Amino acid sequence: MLKIYVTSIHVDNQEKALNFYTKILGFIKKNEVPLGEHKWLTVVSPDEQLGVELLLEPMTFEPAKVYQKALKEAGIPCTSFEVDDLEREFERLKLLGVQFSMSPKEAGTVKIAVLDDTCGNYIQLMQQL
Amino acid sequence: MPIKTENMPNTNKTFFEAEIDKIYESGPFSRQMYLQVRQSKHFMELYYMNKLELDDLANAAFLSRFHYVRVFKRMYGLTPRVYLRNLRLNKAKDLIKNGISITTVCFDIGYESPSTFSSVFKKCTGYSPKEYQQLHSAI
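What counts and how
Residues numbered from 1 in each chain as written. Chains lettered and ligands numbered in written order. Predicted model: local features only at pLDDT ≥ 70, side-chain atom pairs only at ≥ 80, totals over all residues. Helix = DSSP H or I, 4+ residues; strand = E, 2+ residues; numbered from the N terminus. Rg over C-alpha atoms; globule rule 2.2 N^0.38 Å. Buried ≥ 20, exposed ≤ 12 C-beta atoms within 10 Å, placed from the backbone. Contact = placed C-beta atoms within 7 Å. Nonpolar A, V, L, I, M, F, W, Y, C, P; charged D, E, K, R; others polar. Core = buried A, V, L, I, M, F, W, Y, C linked by C-beta atoms within 7 Å. Domains from an automatic or database assignment. Pairing = 2+ DSSP bridges. Axes fitted to C-alpha atoms, helices over the stretch in contact; angles between N-to-C directions. Left-handed = near helix turned anticlockwise from the far one by under 90°.

1. Some remarks on the overall build of chain B
Then, in step 1: Helix and strand content of chain B: 8 helices and 0 strands.
Then, in step 2: In chain B, the succession of helices and strands from N to C terminus is α-α-α-α-α-α-α-α.
Then, in step 3: Taken against the 2.2 N^0.38 rule, which gives 14 Å for 139 residues, the C-alpha radius of gyration of chain B at 20 Å runs more than 25% over that of a compact globule.
Then, in step 4: On the principal axes, the C-alpha backbone points of chain B span a range of 60 × 40 × 20 Å.

2. A look at the overall build of chain A
Then, in step 1: A count of helices and strands for chain A gives 3 helices and 8 strands.
Then, in step 2: Order of helices (α) and strands (β) in chain A, N terminus to C terminus: β-α-β-β-β-α-β-α-β-β-β.
Then, in step 3: Taken over the C-alpha trace, chain A has a radius of gyration of 15 Å; the compact-globule value for 129 residues is 14 Å, and the two agree within 12%.
Then, in step 4: Projecting the C-alpha coordinates of chain A onto the three principal axes gives extents of approximately 45 × 35 × 35 Å.
Then, in step 5: Every one of the 129 residues in chain A was classed for burial, and the buried ones make up 27%.
Then, in step 6: Counting contacts in chain A only where the partners sit at least 6 residues apart, residues at least 24 apart contribute 48% of the total.

3. Some points on the interface of chain B and chain A
Then, in step 1: Chain B puts 16 residues into the contact, and the matching count from chain A is 13 residues.
Then, in step 2: For the side of chain B that touches chain A, the elements supplying multiple residues, two or more each, are helix 1 (15-25), helix 2 (31-47) and helix 4 (65-76) of chain B.
Then, in step 3: Looking at the side of chain B that touches chain A, the element that brings in the most residues is helix 1 of chain B, giving 5 residues.
Then, in step 4: Class assignment for the residues of the side of chain B that touches chain A results in 12 nonpolar, 2 polar and 2 charged.

4. Comments concerning the nonpolar core
Residues and elements named next belong to chain A.
Then, in step 1: Counting residues in each nonpolar core, the largest one holds 13 residues, and the members touching the most others are Val-11, Ala-17, Leu-18, Tyr-21, Val-43, Leu-54 and Leu-56.
Then, in step 2: For this core, the elements supplying multiple residues, two or more each, are strand 1 (6-11), helix 1 (14-24), strand 3 (38-44) and strand 4 (53-58).
Then, in step 3: Sorting elements by how many residues they give to this core places helix 1 first, with 4 residues.
Then, in step 4: Excluding its chain neighbours within four sequence positions, the residues that come into contact with Tyr-21 are Phe-27, Val-43 and Leu-56.
Then, in step 5: Judged by nonpolar contacts, the second largest core, of 10 residues, contains Leu-86, Val-114, Ile-123 and Leu-125.

5. With respect to the domain arrangement of chain B
Residues and elements named next belong to chain B.
Then, in step 1: Split by domain assignment, chain B resolves into domain 1 (15-77) and domain 2 (84-137).
Then, in step 2: Once you take the C-alpha centre of each, domain 1 and domain 2 turn out to be 26 Å apart.
Then, in step 3: Taken residue by residue, the interface counts 7 residues in domain 1 and 7 residues in domain 2.

6. Brief notes about unusual backbone geometry
Then, in step 1: Even without glycine at this site, Thr-118 of chain A takes up a positive phi of about 65 degrees.
Then, in step 2: Looking at the secondary structure, you find Thr-118 of chain A in the loop between strand 7 (110-116) and strand 8 (122-128).
Then, in step 3: Unusually for a residue other than glycine, Phe-62 of chain B sits at a positive phi of about 55 degrees.
Then, in step 4: Within the secondary structure, Phe-62 of chain B sits in the loop between helix 3 (54-60) and helix 4.
Then, in step 5: What makes Phe-62 of chain B partly exposed here is the crowd of 14 C-beta atoms within 10 Å.

7. Let's talk about the pairing of strand 4 of chain A
Residues and elements named next belong to chain A.
Then, in step 1: Burial analysis of strand 4 places 5 of its 6 residues in the buried class, the great majority of the element.
Then, in step 2: Two elements, strand 1 and strand 4, share 6 bridges in a ladder whose sense is parallel. Considered in strand 4, the bridge of His-10 is made with Glu-57.
Then, in step 3: In this sheet, strand 4 lies alongside strand 3 in antiparallel orientation, the contact comprising 2 bridges. Considered in strand 4, the bridge of Val-43 is made with Leu-54.

8. Focus: the packing of helix 2 of chain B against helix 5 (residues 80-97) of chain B
Residues and elements named next belong to chain B.
Then, in step 1: The N-to-C vectors of helix 2 and helix 5 enclose an angle of 35 degrees; their axes lie 10 Å apart at closest approach. For the element pair helix 2 and helix 5, the recorded crossing hand is right-handed. From helix 2, Lys-41, Met-44 and Glu-45 reach across to helix 5, where they touch Tyr-83, Leu-84 and Leu-87.
Then, in step 2: The residue makeup of the contact of helix 2 with helix 5, split by class, is 4 nonpolar, no polar and 2 charged.

9. Structural notes on the sheet that holds strand 1 of chain A
Residues and elements named next belong to chain A.
Then, in step 1: Reading across from one edge, 1-4-3-2 is the order of the 4 strands in this open sheet, with mixed pairing throughout. Two strands lie at the open edges of the sheet, namely strand 1 and strand 2 (28-35), each paired on one side alone. For this sheet the average axis-to-axis angle between neighbouring strands, irrespective of direction, equals 25 degrees.
Then, in step 2: The strands that helix 1 touches are strand 1, strand 2, strand 3 and strand 4; relative to strand 3, the one it contacts most, it runs at about 10 degrees.

Next comes the structure, spelled out in structure tokens:
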């Protein structure tokens, strides 16, 4: 049986990304394996340490940089994380200096907000209503 | 960075935010309908440990059974029955991780039969409750 065990996000700097995704967002580092000049670097949610890993993938491919930049300029998040209480998380992250391109807003069965991960991406936070 | 598009004069909304607005303003359901169905989902979150019938859920949304199932699936992408099963399993995972015995977990989340609980848990997580308990005791 095939299993989805990892999903990736391109980051402009792995060390900066690790700092943001662990110290600010609250994930836990799971794997750090040196691979040439970069690393296989993954984080997981503290509550889902056996779950899908997020790979902080170094942005080294020029065409991908164009795609990433276009998404960012349109305010389109490259992925989405679930939270239990969006308003609480929004306030917590704002206090830590995180920039949001979209404040919490209801949209049908969800409430969403969009933050800047400082590594080239917008990330959507989603609370199911 | 907020950008302007042809359809977005004098706004600071990003393209993404404008698309979100468009989708939900032109959607098939009224805000009131969303509130009603969300209320039934909240009902499940409060009473998942009890025996819940479809009529209870439909009543919580002030809809007929048939209409309720159809609307819930359209909104959430799965049926109320599957949503309730997933909700119970997520609660089960939390309780098992916190060291509660598997039999206690089974009854605490609204299952009446440990064998049914084990079989559903294995089918949905890939692990039996016992295996899941062992994995988490090792973390």
